[in-house]
Amino acid sequence: MIGLVFDVDDTLYEQIVPFENAFRSLFDIDIDIEKFYLLSRYYSDVKFEASRNGEMTMDEYHIYRIQEAAKDLGVYLTDEQALSMQRQYKNNQQKLKMSDTTISILELAKKNNVKLGVITNGPSDHQWTKVDALGVEKWIPRENIIVSGDLGINKPDVRIFAAMQEKLQLGVESLYYIGDSLENDIVGANNAGWKSIWINRYNKEYSTGTEIYIKVQNNYELFEIIKEIIEK
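Residues numbered from 1 in each chain as written. Predicted model: local features only at pLDDT ≥ 70, side-chain atom pairs only at ≥ 80, totals over all residues. Heavy atoms only, no water.

- Its UniProt record gives the protein chain the following Cofactor (unreviewed entry) comment, quoted word for word: "Mg(2+)". (UniProt positions renumbered as here; feature names shortened; annotations may be inferred.)

Focus on the side chain of Glu68
Here is step 1: With respect to the helices and strands, the residue Glu68 is situated in helix 4 (residues 58-72).
Here is step 2: Engagement of the side chain of Glu68 in a polar contact is seen with the side chain of Lys71, the distance being 3.2 Å. (Helix = DSSP H or I, 4+ residues; strand = E, 2+ residues; numbered from the N terminus. Polar contact = N/O pair within 3.5 Å; in protein donor to acceptor, adjacent residues only side chain to side chain.)

What to know about the packing of aromatic side chains
Here the distance between the centres and the angle between the planes together describe a pair of aromatic rings.
Here is step 1: This structure, assessed with the given rule, holds 12 aromatic pairs.
Here is step 2: When the centroid spacing of 5.2 Å and the interplanar angle of 45° are considered together, the rings of Phe23 and Phe27 count as tilted. Each of the two residues, Phe23 as well as Phe27, counts as buried.
Here is step 3: Arranged with centres 5.7 Å apart and planes meeting at 90°, the rings of Tyr43 and Tyr64 form a pair that is edge-to-face. Here Tyr64 lies in helix 4 and Tyr43 lies in helix 2 (residues 33-46), a separation of 21 residues in the sequence. Considered together, Tyr43 and Tyr64 belong to a single accessibility category, that of buried residues.
Here is step 4: By way of ring pairs, the aromatic residues Phe19, Phe23, Phe27, Phe36, Tyr37, Tyr89 and Tyr202 are connected into one cluster. (Phe/Tyr/Trp six-rings, centres within 6.5 Å; stacked < 30°, edge-to-face > 60°. Buried < 20%, exposed > 50% of the residue type's maximum accessible area, 1.4 Å probe, protein only.)

With respect to the side chain of Ser148
Here is step 1: Tracing the backbone shows Ser148 in helix 8 (residues 148-151).
Here is step 2: Ser148 sits in the buried class, given a relative accessible area of 2%.
Here is step 3: Within the structure, the side chain of Ser148 is placed 2.8 Å from the backbone nitrogen of Gly122, a separation counted as a polar contact.
Here is step 4: A polar contact of 2.9 Å, which involves the side chain of Ser148, links it to the side chain of Asn154.

Some words on the nonpolar core
Here is step 1: Among the nonpolar cores identified, the biggest contains 34 residues, and Leu4, Phe6, Leu116 and Ile197 are the most heavily contacted of them.
Here is step 2: Apart from residues lying up to four places away in sequence, Ile197 is in contact with Tyr176, Tyr177, Ile178, Gly179, Ile186, Ile214, Val216, Leu222, Ile225 and Ile229.
Here is step 3: Within the second largest apolar cluster, 26 residues are counted, among which are Ala22, Ala50, Tyr64 and Met85. (Core = buried A, V, L, I, M, F, W, Y, C linked by side-chain atoms within 4.5 Å. Contact = heavy atoms within 4.5 Å.)

A few points about the environment of Trp128
Here is step 1: Take Trp128: it is sitting in helix 7 (residues 124-134).
Here is step 2: A relative accessible area of 12% places Trp128 in the buried class.
Here is step 3: The spatial distance from the C-alpha of Trp128 to the C-alpha of Ile146 is 9.5 Å, given a sequence separation of 18 residues.
Here is step 4: When residues no more than four places from it in sequence are discounted, the contact partners of Trp128 are Arg142, Ile145, Val147 and Asp150.

Digging into the sheet that holds strand 3 (residues 145-147)
Here is step 1: The strand order across the open sheet formed by 6 strands is 3-2-1-4-5-6, and the pairing between neighbours is parallel. Pairing within the sheet leaves two strands with one partner each, and these edge strands are strand 3 and strand 6 (214-216). Adjacent strand axes in the sheet meet at a mean angle of 20°, parallel and antiparallel pairs treated alike.
Here is step 2: Taken together, the 4 bridges between strand 1 (residues 3-6) and strand 4 (residues 175-179) define a ladder with parallel strand orientation. Within strand 4, the position partnered with Gly3 by the bridge is Leu175.
Here is step 3: Lying on the sheet, helix 9 (residues 158-168) is in contact with strand 1, strand 2 (115-120), strand 3 and strand 4; it crosses strand 2 at an angle near 155°. (Pairing = 2+ DSSP bridges. Axes fitted to C-alpha atoms, helices over the stretch in contact; angles between N-to-C directions.)

So, helix 11 (residues 219-231)
Here is step 1: Taking 1.5 Å of rise per residue, the 13 residues of helix 11 would be expected to cover 18 Å, and the 18 Å separating its terminal C-alpha atoms lies within 8% of that figure.
Here is step 2: Among the residues making up helix 11, those that are buried are Asn219, Leu222, Ile225, Ile226, Ile229 and Ile230. Across the axial projection of helix 11, the buried residues extend over an arc of 135°, all falling on one side. Counted as exposed and oriented over 90 degrees from the buried face of helix 11: Tyr220, Glu228 and Glu231.
Here is step 3: Residues of helix 11 that are buried in the fold lie against strand 1, helix 6 (100-111), strand 4, strand 5 (195-199) and strand 6. (Expected span 1.5 Å × (residues − 1). Arc of directions from axis to C-beta.)

Observations regarding the environment of Met164
Here is step 1: Relative to the assigned elements, Met164 resides in helix 9.
Here is step 2: On the accessibility criterion, Met164 (0% relative accessible area) is buried.
Here is step 3: It is 21 Å that separates the C-alpha atoms of Met164 and Arg52, two residues lying 112 residues apart in sequence.
Here is step 4: Among all residues touching Met164, those that are not within four sequence positions of it are Val5, Gly117, Val118, Ile119, Asn144, Ile146 and Trp194.

Structure follows, in structure tokens:
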């Protein structure tokens, strides 16, 4: 038996969609939305620990990542504008939907008695809202969903992977982690001894020394890979 464990953001759904919709609903500004989104993710990671340990309020954290990302592209947003975008972005995340391809992946896994789980970084309420909006519990039992904010441990800390392994009761040789973050998902899974599947949607560069079990560019490719794994 094998276990497939998923990240949420940019794995079970594409995070750029609610992000772009939030920006377009508020501003009539010409901007490269993909670069803006990727930069916001970069700055989000830069201050993630500061937001978690109380060095920054959540409002300060959200303003920072949106303002800095926009500034790099020559767009200057006020604190109020950045916070308005964050609020609209959060509102959009309550209406999330998984693609038909992602649903097919989960259906295939469930049909073949694969053990399924989720590990996601972020504040408890925020991430659980996304999990509920996506309807994840139709395929993955709530007890197999780990939100870092509930444990006080974040990926890539191997302890969060160990907590999931305990839930699934499988050896590391049978566990696969699927995510989009090289630093959090892939490095974390590798350090835990799991096999890692990296969804590199935006053709990010990476060190040749980084071990990646399988790399895919989208969930269409992911479906084919998981089908091969299940049919082995």
